[in-house]
Amino acid sequence: MLLRANLNHQPWSSPIQTLILLQSCKTSKDIDQVHARLITTGFVKNSSLTAKIVLSLSASPHIPLIEFSRYIFFTRHACGNREDDTFLWNAVVKTYSHGQEPIEALWVFCLMLENGVFMDEFSVSLVLKACSRVRLVKEGMQIHGLLNKLEIGSNLFLENCLIALYTRCRCLESARQVFDWMKIRDSVSYNTMIDGYVKGGKMDLARDLFDLIAMEERSLISWNSLISGYAQLEDGVRFAKQLFDEMPERDLISWNSMINGYVKCGRMDDAQALFDKMPKSDMVTRANMIDGYAKVGRVSTARSLFDEMLEKDVVVCNAMMGGYVHNGYFMQALDIFYSMQTEGALSPDRATLLIALSAIAQLGHIEKGVALHLYLQENGIHLDEKLGVALIDMYSKVGSIENAMLVFEETREKSVDHWNAMICGLAIHGMGELAFGLLMEMERDCIKPDDITFIGLLNACGHAGLVKEGIVCFEIMRRIHRLEPKLQHYGCMVDILGRAGHVEEARKFVEEMPIEPNDVIWRTLLNACRVNESLTIVKPVAEHLMSLDSSSSGSYVLLSNTYADLGMWDDVQRIRTLMKKKNLKKIPGCSWIELEGIVNQFFVQDGSHPQVTEIYSLLDAQWMPKSDVSYSRCC
């Protein structure tokens with residue numbers, strides 16, 4: 001116990017020793033002991049000591065000490081109305097403004113005014129910062145109005161705080177009014193205003209303001225802010241590069257912003273050229289480069305960069321894992337995740353876990369999914385909205401709809417994303433009636449469905465053959481929830497009608513769509529014609545699909561297979577000739593099967609599996625790969 005450990009030093013005879021002992025407290029229990037002694041010794045009535053306690057403990061990194069400083073203040077000082085108490089009030093306001101409850105700073109500030117305590121510029125700056133953090137723009141405007149009535153209203157520091165408040169709340173016109181009325185401006189004024197324009201997507205106004213600053217007065221912050229803004233735009237990289245070349249000096253942020261701009265638009269050769277010229281790179285730089293190479297499909301180059309790093313952080317590992325998942329290398333992504341666990345140097349964060357769950361979902365490996373769920377439980381990782389949704393999605397995709405339902409039911413506060421994940425999971429498993437039932441539960445729980453909810457519902461109805469329920473869902477979306485159907489919703493409806501054999505209704509539905517159907521919808525309709533052998537509809541649908549000049553090989557393969565099913569060999573030959581002219585190749589089909597903990601992957605006519613001879617020996621001869629079949633179906 002803290003008190004027993006210090007009894008021999010007799011700290012209670014001196015207020016200073018008491019204060020030192022109090023500062024060494026770490027827990028509420030320790031503080032309670034010292035507080036009890038403050039009361040029994042009478043030191044708690046010493047206003048000088050209690051003021052020092054408030055000032056000293058309010059800056060502590062330990063929450064129990066901060067809370068004790070607030071308690072001492074409100075019980076011993078808040079009732080006074082002396083002007084020299086301003087610094088105490090400011091100390092307490094700061095604990096809220098910079099802490100976890102910024103909105104409470106406004107309440108303390110109002111209490112301060114009610115008690116007639118003199119407020120200074122620091123008081124106002126603290127409450128403006130609190131309003132900025134929680135985006136209380138109306139309250140910020142009230143404080144602005146108060147400042148206009150006071151002498152400190154034209155204070156440069158406070159005017160900069162007002163600009164920061166308005167820019168963070170996206171009230172750029174109000175921020176510009178403050179800026180224009182300022183008698184004196186400094187670099188903070190310009191930088192804050194430029195940053196506000198950049199984050200608000202108003203690059204023209206940001207550039208105009210930047211050009212008003214004399215070259216010798218432009219700070220590195222304003223250069224970096226403008227470069228970062230241009231780098232985020234699809235056609236803004238060339239403007240960013242011009243500024244980058246004109247800069248009198250550069251720092252790491254300048255280089256990273258420019259590299260990030262090239263990465264976003266896929267110009268990896270330019271990004272690499274800058275990377276090679278950098279005087280010094282950091283983890284952010286390498287994470288950007290790894291992410292960029294992975295997004296353009298150069299996974300081996302990304303991995304080389306990853307392996308070259310002697311030290312790695314979680315962000316870099318996440319970038320490499322995300323790159324693997326993006327390119328379909330799910331096991332490699334999980335290998336990095338498992339190495340992070342076994343080596344122990346890095347602790348996976350929530351982004352890592354989300355990527356790992358996505359990889360497992362794509363692999364369909366239920367044992368790995370259960371193991372990761374157990375890891376979350378053993379490490380006390382709270383299932384926030386994203387992790388909970390990802391876990392439901394993972395269990396649905398690996399085939400364990402029961403576990404998905406358990407996670408869903410155990411989630412106390414469900415957002416619309418949780419409901420969407422569960423509905424889409426039921427859709428995958430063909431449980432249309434249960435999915436439709438969840439919509440009714442959402443209504444009872446006052447959860448407003450969104451467009452993704454109805455995509456899941458319509459898919460579920462399609463897979464379960466629930467035509468009437470699908471039509472009802474479509475009408476509920478339009479008429480009750482006033483959601484405008486998107487292409488995906490129309491595509492789902494075509495699929496529902498087509499699967500049920502209502503090809504003529506599906507064709508009419510497509511023709512009456514208020515938006516132009518894309519090639520996916522036409523392919524869905526064509527596939528329905530093929531399955532139901534609707535010869536009268538096939539030809540016009542096929543010709544329309546051809547007129548779209550789709551670059552997707554899937555459209556041509558579907559056309560070829562449809563004509564082959566109907567024995568229209570001349571048309572089959574015509575489609576395949578077109579594919580050769582356009583150099584379109586069918587991406588081979590792929591499937592997985594898990595056997596004794598090992599995931600086996602097979603491509604169409606694949607001969608790379610180590611047991612290929614034994615596998616083909618068990619198959620009927622008609623399924624053996626043949627190269628001399630002229631009009632076989634496209635696989």
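Each chain carries its own residue numbering, running from 1 in the direction its sequence is written. Only residues with pLDDT of 70 or above have their local features reported here, since the model is predicted, and side-chain atom pairs are shown and tallied only from 80 upward, although totals for entire chains, interfaces and linings are computed over all residues. Water and hydrogen atoms were dropped before computing side-chain values, which therefore reflect all heavy atoms in the structure.

What follows covers the confidence of the model for the chain. Per-residue pLDDT for the chain has a mean of 85; in total, 88% of the residues score no lower than 70. pLDDT is a residue-level measure of predictor confidence that goes from 0 to 100. Only heavy atoms enter the contact rule, under which two residues are in contact if any of them lie within 4.5 Å. Every residue in residues 1-11 is under pLDDT 50, and counting partners more than four places away or in other chains gives 17 contacts. Segment residues 621-635: pLDDT under 50, and 21 contacts once partners within four positions in sequence are set aside and those in other chains are kept.

Relative orientation of the contacting elements helix α18 (residues 283-295) and helix α19 (residues 299-308) amounts to 160 degrees, with a least axis distance of 7 Å. One way to sum up the angle between α18 and α19 is to call them roughly antiparallel. Crossing hand, α18 versus α19: left-handed. When α18 is examined against α19, the residues R286, M289, I290, Y293 and A294 are found in contact with a partner set consisting of V299, T301, A302, L305, F306 and E308. Class assignment of the residues belonging to the contact of α18 with α19 gives a composition of 8 nonpolar, 1 polar and 2 charged. Note on geometry: axes are lines fitted to C-alpha atoms, helical ones only across the stretch in contact, with angles between N-to-C directions running from 0 to 180 degrees. Secondary structure counts use DSSP, requiring at least four H or I residues in a row for a helix and at least two E residues in a row for a strand, with both numbered from the N terminus. Comment on the angle field: the value is read as roughly parallel under 35 degrees, roughly antiparallel over 145, roughly perpendicular from 65 to 115, and oblique elsewhere. Note: crossing handedness is left-handed where the near helix turns anticlockwise from the far helix by less than a right angle, and right-handed where it turns clockwise. By the convention adopted, Pro, Cys, Tyr, Trp, Phe, Met, Ile, Leu, Val and Ala count as nonpolar, Lys, Arg, Asp and Glu as charged, and the other residues, Gly among them, as polar.

Before going further, it helps to examine the UniProt feature "repeat: PPR" (unreviewed entry) in the chain. UniProt positions are given in the numbering used here, feature names are shortened, and annotations may be inferred rather than shown by experiment. UniProt tags residues 85-119, 186-222, 251-285, 313-347 and 415-449 as "repeat: PPR" (unreviewed entry). The annotated region residues 85-119 carries 69% helix and 0% strand content, and the separation between its end C-alpha atoms amounts to 10 Å. Here residues 313-347 is 77% helix and 0% strand, with 9 Å between the C-alpha atoms at its ends.

Bringing the packing of aromatic side chains into the picture now. Ring pairs are drawn from Phe, Tyr and Trp, using the six-membered ring of Trp, whenever the two centres fall within 6.5 Å, and their geometry is named by plane angle: stacked under 30 degrees, edge-to-face over 60, tilted for the rest. This structure, assessed with the given rule, holds 15 aromatic pairs. Between F244 and W255, the aromatic rings sit 5.1 Å apart at their centres with planes inclined by 80 degrees, giving edge-to-face as the arrangement. Pair noted here: F244 is in helix α15 (residues 237-246) and W255 is in helix α16 (residues 252-264), with a separation of 11 residues, a long-range link. The same class applies to F244 as to W255, namely buried. Taken together through their ring pairs, the aromatic side chains of F73, F74, W89 and W107 make up a single cluster. Directly above the aromatic system of F179 lies the positively charged group of R185, at a separation of 4.5 Å from the ring centroid. A cation over an aromatic ring shows up here: K312 above the ring of F306, its NZ or CZ 4.9 Å from the ring centre. Buried, partly exposed and exposed residues are distinguished by accessible area as a fraction of the type maximum, computed with a 1.4 Å probe on protein chains only: under 20%, between the cut-offs, and over 50%, respectively. Put simply, a charge is over a ring when the Lys NZ or the Arg CZ is close to the ring centre, within 6 Å, and near the line of the ring normal, within 35 degrees.

A separate point is the pattern of salt bridges. As a working rule, side chains carrying opposite charge can pair if their charged atoms are close by. The salt bridge definition used is simple: a Lys or Arg side-chain nitrogen within 4 Å of an Asp or Glu carboxyl oxygen. Within the structure shown, the criterion is met by 18 salt bridges. The partner of K241 in a salt bridge is D245, with the nearest N and O atoms 2.8 Å apart. Of this pair, K241 and D245 both sit in helix α15, separated by 4 residues, roughly a single helical turn. A salt bridge links D519 to R523; its shortest N-O distance comes to 3.0 Å. Of this pair, D519 and R523 both sit in helix α32 (residues 519-532), 4 residues apart, roughly one helical turn. Like R523, D519 is buried.

Running from N to C, helix α23 (residues 366-378) and helix α24 (residues 385-397) point in directions that differ by 160 degrees, and their axes come no closer than 10 Å. Between α23 and α24, the crossing angle belongs to the class labelled roughly antiparallel. In this structure, α23 meets α24 at a crossing whose hand is left-handed. Each of G369, V370, H373 and L376 in α23 lies in contact with α24, whose residues at this interface are L391, M394 and Y395. Tallied by class, residues from the contact of α23 with α24 come to 5 nonpolar, 2 polar and no charged.

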